[in-house]
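Structural characterization, general
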Amino acid sequence: MAALASPRSAPLGFLAALCLWLCAGCASIGSVFEPSIPDAPSKRASAEEVERQLARAESELEGGQLRDASERCLRLRQVRNLPSPLRERSEVLLEQATLARVSAATRSRDLRSPSAARLPRRSRAIQTVARARLFLAEGRPYRAFSEIRDLEAAHPGHHLQNEAADTVYQAGLDLSQAKRAWIFLFSKRAQAPGVLDYLVLQHPSFPRCDHAYYLLASLHADDRDIELAIDRLSDLLLYHPASPYAREAELLIPTLRLSDHLRIDHDYAGLVMSERELTAWLGRVASSEQGELAERARSALFETRRRLVEADLEVAQFYRTVERPEGTTIHAGRARQRAQLIDDSQAIDRAEALLAWADTGQGSSELPPEFRRTEIPVNDKDAPRDPQPP
């Protein structure tokens, strides 16, 4: 008891009483921000009173008092034990008032309302999609996307799915075309991937998702995120194989992989995969086709094979250094075969010289002293050893 009566417990008791008072007033605090209307219905209104309020809402709707009509219908939805016919009638009136407000709106702020979150699903979808469209017209694409995202978080099954998806697509398109102008280390273009990712994940059946995948790949490629760009192009081919962007996507995948390949002695398997994909792509087009895509494919295939030739020649030279004729034969043979395809006479001569050395079976006597093999003494752990082949 002495502890409870101590001076330190007085502030704690005051804070507890203050919290209880604030919690008790939360319901009344919310009503302060509700728009005021004349003759507002109470939550305990009778059926006769609801009928009278509905008649007044209809007259306000006909008289152009759209805000009052909408708010009156919203208040009627909060009436306790409201019969279903009257509730349905109030929601129909509310939807009509929302449509009228949307038709009359010319700016996004015309549809700003503190009661938007209390709207039923259909009315909220109508108002939100219309306001998001106005945000697009005002040059605020990310705000338009935020409106749709908040709507679908609250009502994922609303009836304006196609309109909402189209709004998100337009927002992502506008953001992807924004200039790279940085203001306080911020760029609108950096918001485009998140918007387009939302579109392809939440609206996979939207007809323009193929273009969204294509834009995502372009954005990631510009940011040098090659792996993610290839993943988005692969998704495009998987989910939209008949898309007009599919043919270019098939070409971009090996081209992007080639641009991410910086050293010829690494990722040999990636180069072989690119060669196979480019050869298959060119095999599906006419050999005489001279379009831009065909020229890009031939150029990428030439560069891929040139890098493979260089990689094989380097490995073949290594096997010659360590006097392994079998390794030299394999890699120099592959290098000569690909060098003939790209008509690289210098690489052909290098490969044939290596093959000639492997065929003669000469030992270390023909090698310069610095490349000659060093014998390993028995039980000498510190003696130099042969380098291991890759």
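In the block above lies the structure referred to throughout.
Below, the structure is looked at part by part. (Residues numbered from 1 in each chain as written. Predicted model: local features only at pLDDT ≥ 70, side-chain atom pairs only at ≥ 80, totals over all residues. Heavy atoms only, no water.)

Here the focus is the overall build of the chain. Scanning the chain for helices and strands turns up 16 helices and zero strands. Counting across all 390 residues of the chain, residues that qualify as buried make up 40%. A separation threshold of at least 6 residues defines the contact pool for the chain, and within that pool the share at least 24 residues apart is 60%. A total accessible area of about 22,500 Å² is found for the chain, and carbon and sulfur atoms account for 54% of it. (Helix = DSSP H or I, 4+ residues; strand = E, 2+ residues; numbered from the N terminus. Buried < 20%, exposed > 50% of the residue type's maximum accessible area, 1.4 Å probe, protein only. Contact = heavy atoms within 4.5 Å. Areas by Shrake-Rupley, 256 points an atom, 1.4 Å probe, with all protein chains shown as cover.)

For helix 11 (residues 226–239), which comprises 14 residues, the first-to-last C-alpha distance of 20 Å matches the rise-based estimate of 20 Å (1.5 Å per residue) to within 8%. All buried positions along helix 11 are accounted for by I226, A229, I230, R232, L233 and L236. For helix 11, the angular spread of buried residues about the axis comes to 160 degrees, placing them on one side. Summarising the geometry of helix 11, the exposed residues directed more than 90 degrees from the buried face are E227, L238 and Y239. The inward-facing, buried residues of helix 11 abut helix 9 (192–202), helix 10 (209–222) and helix 12 (246–259). (Expected span 1.5 Å × (residues − 1). Arc of directions from axis to C-beta.)

Here the focus is helix 3 (residues 47–62). The terminal C-alpha atoms of helix 3, which comprises 16 residues, lie 23 Å apart, in line with the 22 Å expected from a rise of 1.5 Å per residue. Buried residues belonging to helix 3 abut helix 4 (66–77) and helix 5 (84–104). Looking one or two residues beyond helix 3, the residue adopting positive phi is G64, at roughly 85 degrees.

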